[in-house]
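One letter stands for each residue in the lines below.
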Amino acid sequence: MIFELLQEELFQLALIAALLVGLCAPAVGTFIVQRRLSLLGDGIGHVALTGVALGFLTGTAPVLTAVLVSIAGAVAIELVRARGRTSGDVALALLFYGGIAGGVMLMGIAPGGSNAKLNSYLFGAIASVTVEDIWVIAALAAAVIAVVLIFGRELFVLCQDEEMAKASGLPVRFLSLLIAVTAALTVVIAMRVVGLLLVSALMVIPVATSQQLTRGFRTTMGLAMLFGVIASVGGLLASTYSAKVPPGAAIVLLALAGFVLALGVGKFVRRGRTQESTLSERPQLRVEEIA
């Protein structure tokens, strides 16, 4: 059955999209979770809906307008958080409400706009991914991975302690904006797979799952990316075998199941570490640095 599916072009495109999203979302999510901005993906996802609707309204590519509006929204929320008196959670709430309201309104007045098209972006439509979509997703995914590889060490220091990053002479404002923009690109990458309302789950849950099993930052990111790929591909297969199973929901539920499983396994791992530390007179803590 699997070999037959691999010969179908639609499944091949969907599989590539699932793999790219499964890799990128947890990679960026590791920095977001470490910085305690887990809801950032949700806020940007709501703003991206306005960008999608703007694309339908103007007759341009919805993905392109979603990228531009998402980046603008991400930069705005970071500037509000850093400079203004509005706290981070209030600024995110403003993105939530304004983004979803703007998207629904623009989609309603756009020529050819419909609830079906709106739902395909809200909840994902991986089965309808085209070759053009794959090229766009691949380009955005390459940009996200490049940011992680090039600025990984600096972003790690920033997420660990912003004051330490300032004292070390790092460009904190630039790096903060870089995280926000990278998160915006990730949201756009994933919207065709899991949908704008569920994209944040794929950025956060695999990271939370990995944290139950490991302590090193680099290991946490690598394991989270693996869990993201497993959840994405598993959800795609579940929706392929049963047309009644929505792929976006299946992906998120598989990720949640992995978290519950890791939660139980993590207790045994931590219990074993505690016993080893008790028996050892000089316990050694292993500290990993991001490469």
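Within each chain, residues carry numbers counting from 1 in the order of the written sequence. With pLDDT at 70 or above as the cut-off, local features in this predicted model cover only qualifying residues; side-chain atom pairs require 80 or more to be listed or tallied, and sums for whole chains, interfaces and linings still use all residues. Think of the side-chain values as coming from all heavy atoms in the structure, minus any hydrogens and water.

- You'll find the protein entered in an unreviewed UniProt entry as Zinc transport system permease protein, with Nonomuraea rubra given as the organism.
- Per its UniProt entry, the protein bears the Sequence similarities (unreviewed entry) comment "Belongs to the ABC-3 integral membrane protein family." UniProt positions are given in the numbering used here, feature names are shortened, and annotations may be inferred rather than shown by experiment.

Considerations on the packing of aromatic side chains
One pair of aromatic rings is described through two measures. These are the centre distance and the angle between the planes.
Alright, step 1. When the centres of two rings from Phe, Tyr and Trp lie within 6.5 Å, Trp using its six-membered ring, the rings pair. Their planes under 30 degrees apart give stacked, over 60 give edge-to-face, and anything left gives tilted. Going through the model one piece at a time under the given rule, you end up with 3 aromatic pairs.
Alright, step 2. Relative to Phe 174, the ring of Phe 151 lies with its centre 5.8 Å away and its plane at 65°, an arrangement referred to as edge-to-face. Pair noted here: Phe 151 is in helix 7 (residues 131–160) and Phe 174 is in helix 9 (residues 172–190), with a separation of 23 residues, a long-range link.
Alright, step 3. Note on exposure labels: buried denotes an accessible area under 20% of the residue type's maximum, exposed denotes more than 50%, and partly exposed covers the range between, all computed with a 1.4 Å probe on protein chains only. A relative accessible area of 25% places Phe 151 in the partly exposed class.
Alright, step 4. Residue class for Phe 174 comes out partly exposed when judged on its relative accessible area of 43%. Per the convention used, a helix needs a DSSP run of H or I reaching at least four residues, while a strand needs a run of E reaching at least two, with both numbered from the N terminus.

Observations regarding the nonpolar core
Alright, step 1. The set of buried Ala, Val, Leu, Ile, Met, Phe, Trp, Tyr and Cys residues whose side-chain atoms join them within 4.5 Å is what this entry labels a nonpolar core. Ranked by size, the top nonpolar core spans 78 residues in total, and within it Ile 32, Met 191 and Met 203 carry the most contacts.
Alright, step 2. In terms of residue count, helix 2 (residues 9–34) provides more of this core than any other element does, 13 residues in total.
Alright, step 3. Non-local contacts of Met 191, meaning those with residues more than four positions away in its chain, are made with Val 52, Val 63, Ala 66, Ser 120, Tyr 121, Gly 124 and Leu 196. Contacts were defined at the residue level, with two residues in contact if any of their heavy atoms lie within 4.5 Å.

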